[in-house]
Amino acid sequence: MNGEQEHGQGNTRHWDPVCGRHLEAPESHPSSEYKKRRYFFCSEGCRTAFERQAERFRLNELARAGALMSPGRVRWGLA
């Protein structure tokens, strides 16, 4: 997911994985790379919070993706 969310007609909107805020121009916001993925943030505070617990945010992101992809249930423990 990489902090990105697709919105029809090829438009990609980024979102802050800490607070969930959508970012229209992510290049102008703070960012951080974790496990070969770039994450964008609305503020330095959110970037700092992410860097303190990056693995927790990544696992939450994977769980959300699993919930969207699996029919009716989430399979935990798969990454």
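Heads up: these notes are all about the structure in this document.

Relative to strand S5 (residues 37–40), strand S4 (residues 31–34) runs antiparallel, the two sharing four bridges. Pairing of Glu33 across the sheet is with Arg38, part of S5. Between the antiparallel neighbours S4 and S5 lie two residues, among them Lys35 with a positive phi of about 50°.

So, on to unusual backbone geometry. For Lys35, which is not a glycine, the phi torsion comes out positive at approximately 50°. Secondary-structure assignment places Lys35 in the loop between S4 and S5. A positive phi is found at Lys36, a non-glycine position, where the angle reads about 65°. By secondary structure assignment, the location of Lys36 is in the loop between S4 and S5. Owing to a relative accessible area of 80%, Lys36 belongs among the exposed residues under this scheme.

A separate point is the environment of Phe50. By the element assignment, Phe50 lies in helix H1 (residues 44–52). Residue classification places Phe50 among the buried residues on the basis of a relative accessible area of 1%. Between the C-alpha atom of Phe50 and that of Pro17, which follows or precedes it by 33 residues, the distance is 7.8 Å. Discounting chain neighbours no more than four positions away, the residues touching Phe50 are Pro17, Val18, Tyr34, Tyr39, Phe41 and Phe57.

The full count for this structure, using the stated rule, is four aromatic pairs. Considering the side-chain rings of Tyr39 and Phe50, the 4.8 Å spacing of their centres and the 40° angle between planes classify their relative orientation as tilted. Residue Tyr39 is found in strand S5, and its partner Phe50 is found in helix H1; the two are separated by eleven residues along the sequence. Between Phe41 and Phe50, the aromatic rings sit 5.1 Å apart at their centres with planes inclined by 45°, giving tilted as the arrangement. A network of ring pairs unites the aromatic residues Tyr34, Tyr39, Phe41, Phe50 and Phe57 as a single cluster.

Take Pro30: it is sitting in the loop between strand S3 (22–23) and S4. In contact with Pro30, not counting residues within four places along its chain, are Tyr39, Phe40, Phe41, Ser43, Glu44 and Arg47.

Criteria and thresholds
Think of each chain on its own: its residues are numbered from 1, step by step along the sequence as written. In keeping with the model being predicted, local features are shown solely for residues with a pLDDT of at least 70 and side-chain atom pairs are shown and tallied solely at 80 or more, while totals for entire chains, interfaces and linings include all residues. As a rule here, side-chain values cover all heavy atoms of the structure and leave hydrogens and water aside. In this analysis, strands are considered paired if DSSP registers two or more bridges between them. Starting at the N terminus, helices and strands are each numbered in turn, a helix being any DSSP run of H or I of at least four residues and a strand any DSSP run of E of at least two. Only protein chains enter the accessibility calculation, which uses a 1.4 Å probe. A residue is then buried if its area is under 20% of the maximum for its type, exposed if over 50%, and partly exposed in between. Here, residues are in contact when the closest pair of their heavy atoms is within 4.5 Å. Only rings of Phe, Tyr and Trp enter the pairing, Trp through its six-membered ring, and a pair is recorded when the two centres are within 6.5 Å. The plane angle decides the type: under 30 degrees is stacked, over 60 is edge-to-face, the rest tilted.

It is worth stressing that arrangement in space is one thing and function is another; only the former is reported here.
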